[in-house]
Amino acid sequence: MRAGRTAVLIDIGFSARETCRRLALVGVTPEDLAAILITHEHSDHVAGAAVASRRWGVPLLCRGDVARAARFDARNTGAREELPEGSFQIGDLQVTPFQVPHDAVDTVGLVLEGEGIRAGYATDLGCSTPVVEESLENCHVLAVEANHDVEMTREGPYPWHLKERILGTRGHLSNEGAADLLARVIGPETREVLLAHISETNNAPELALVAVRAGAERSRQPQVRVTAAEQGRPSAPIRL
């Protein structure tokens with residue numbers, strides 16, 4: 001997200017080189033970044049973090065347990081700072097972490113505010129909670145996972161132990177789970193919803209969009225636009 005003169009990157013699951021290429025496609029350079037915010041230690045969120053931080057001279061902000069689980073010290077990162085429990089300021093952005101239920105050591109979602117815009121981010125959570133809903137309520141922009149279709153997951157090729165993990169309350173949010181969450185948090189100020197973390201094996205963007213648009217309709221906020229992120233390329237910038 002960018003506000004004023006401040007831009008931050010949330011998680012970095014691609015290599016530093018691929019991330020740099022994708023940032024360029026949306027008009028951002030590593031020099032623009034004030035920080036890389038890490039939500040948890042799973043490899044699809046931290047694979048490029050150590051190299052990017054070191055090469056770009058950008059600090060990583062994460063919880064201490066996350067840094068240890070990701071082995072950031074052993075991987076020779078650049079500067080690392082503790083992600084605070086409460087709200088804090090990075091330049092022109094205010095950042096508020098909040099806890100989400102996921103099978104990592106200390107997973108957070110984030111709300112970022114700047115220039116009168118409030119954006120919510122929660123892409124790895126097995127279920128919604130009152131804390132999640134209170135944090136995401138009535139954001140202007142929401143990035144929320146719609147990871148899987150339940151039936152596709154149950155009938156799909158994954159081993160059963162992995163299916164149980166995905167479907168569990170500390171796994172990932174289904175299309176219906178995302179729809180239910182968004183029906184409760186979309187408000188009069190909400191303009192954009194971006195669906196993220198869509199499984200290529202256990203879901204399809206079309207299924208996610210149908211389910212979540214139905215949830216958005218339940219919120220009775222017709223101004224909301226719902227789109228799905230793609231894995232192969234960055235989404236178009238959302239400007240409000």
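Below is a short write-up of the structure.

### Overview of the overall build of the protein
When helices and strands are counted, the protein shows nine helices and 12 strands. Taken against the 2.2 N^0.38 rule, which gives 18 Å for 240 residues, the C-alpha radius of gyration of the protein at 17 Å falls within 12% of a compact globule. In the protein, buried positions account for 51% of the 240 residues. Taken as a whole, the protein presents about 11300 Å² of accessible surface, with 50% of it coming from carbon and sulfur.

### Looking at the packing of helix α1 (residues 16–25) against helix α3 (residues 49–56)
It is the contact of α1 with α3, at a shortest axis distance of 8 Å, that shows an interaxial angle of 70°. The orientation of α1 relative to α3 falls into the category roughly perpendicular. Contacts from Ala16, Thr19, Cys20 and Leu23 of α1 reach α3 at Val51, Ala52 and Trp56.

### Here we look at empty space enclosed by the protein
Tallied over the full model, the rule gives one cavity of 30 Å³ or more. Estimated volume of the largest cavity: approximately 40 Å³. Taken together, Thr39, His40, Val100, Thr107, Val108, Gly109, Tyr121, Ala122, Thr123 and Asp124 make up the full set of residues lining the largest cavity. Elements supplying a minimum of two residues to the lining of the largest cavity: β8 (108–114) and β9 (117–122). Across the lining of the largest cavity, the residue classes break down as four nonpolar, five polar and one charged.

### With respect to helix α8 (residues 175–185)
Restricting attention to buried positions, one finds in α8 the residues Asn175, Ala178, Ala179, Leu181, Leu182 and Val185. Along the axis of α8, the buried positions cluster into a sector of 165°, meaning they face one direction only. Contacts made by the buried residues of α8 are with α5 (130–136), β10 (141–145), β11 (192–196) and α9 (205–218).

### Side note on α1
Buried residues of α1: Ala16, Thr19, Arg22 and Leu23, and no others. Angular distribution of buried residues about the axis of α1 spans 125°; they occupy a single face of the element. Summarising the geometry of α1, the exposed residues directed more than 90 degrees from the buried face are Arg17, Ala24 and Leu25. Elements in contact with the buried residues of α1: β2 (6–10), β3 (33–37) and α3.

### Quick word on the pattern of salt bridges
For the structure on display, the rule yields 14 salt bridges. Measuring nitrogen to oxygen at the nearest pair gives 3.0 Å for the salt bridge that ties Arg233 to Glu230. A residue is classified by how much of its surface remains accessible, and Glu230, at 44% relative accessible area, is partly exposed. Three or more residues joined by partner-sharing salt bridges are found here, namely Glu18, Arg21 and Arg22.

### Details of the environment of Val212
Examined against the element boundaries, Val212 turns out to sit in helix α9. With 146 residues separating them along the chain, Val212 and Val66 place their C-alpha atoms 31 Å apart. Filtering out sequence-adjacent residues up to four positions away, Val212 remains in contact with Ala146, Asn175, Ala178, Ala179, Leu182, Leu195 and Val226.

### Here we look at the sheet that holds strand β4 (residues 60–62)
Strand order in this open sheet of five strands is β1-β2-β3-β4-β5, and the pairing throughout is mixed. On the outer flanks of this sheet lie β1 (2–3) and β5 (80–82), each paired with one strand and no other. Bridging between β2 and β3 involves four bridges; their strand directions are parallel. The partner of Ala7 across the bridge, within β3, is Leu33.

Scoring rules and cut-offs
Residues numbered from 1 in each chain as written. Predicted model: local features only at pLDDT ≥ 70, side-chain atom pairs only at ≥ 80, totals over all residues. Heavy atoms only, no water. Helix = DSSP H or I, 4+ residues; strand = E, 2+ residues; numbered from the N terminus. Rg over C-alpha atoms; globule rule 2.2 N^0.38 Å. Buried < 20%, exposed > 50% of the residue type's maximum accessible area, 1.4 Å probe, protein only. Areas by Shrake-Rupley, 256 points an atom, 1.4 Å probe, with all protein chains shown as cover. Axes fitted to C-alpha atoms, helices over the stretch in contact; angles between N-to-C directions. Parallel < 35°, antiparallel > 145°, perpendicular 65-115°, else oblique. Contact = heavy atoms within 4.5 Å. 1 Å grid on protein atoms, 1.4 Å probe; cavity = no way out; pocket = protein on both sides within 12 Å on 5 of 7 lines; lining within 4 Å. Points joined across faces, edges and corners; volume = space filled by probe spheres on them. Nonpolar A, V, L, I, M, F, W, Y, C, P; charged D, E, K, R; others polar. Arc of directions from axis to C-beta. Salt bridge = Lys/Arg side-chain N within 4 Å of Asp/Glu carboxyl O. Pairing = 2+ DSSP bridges.

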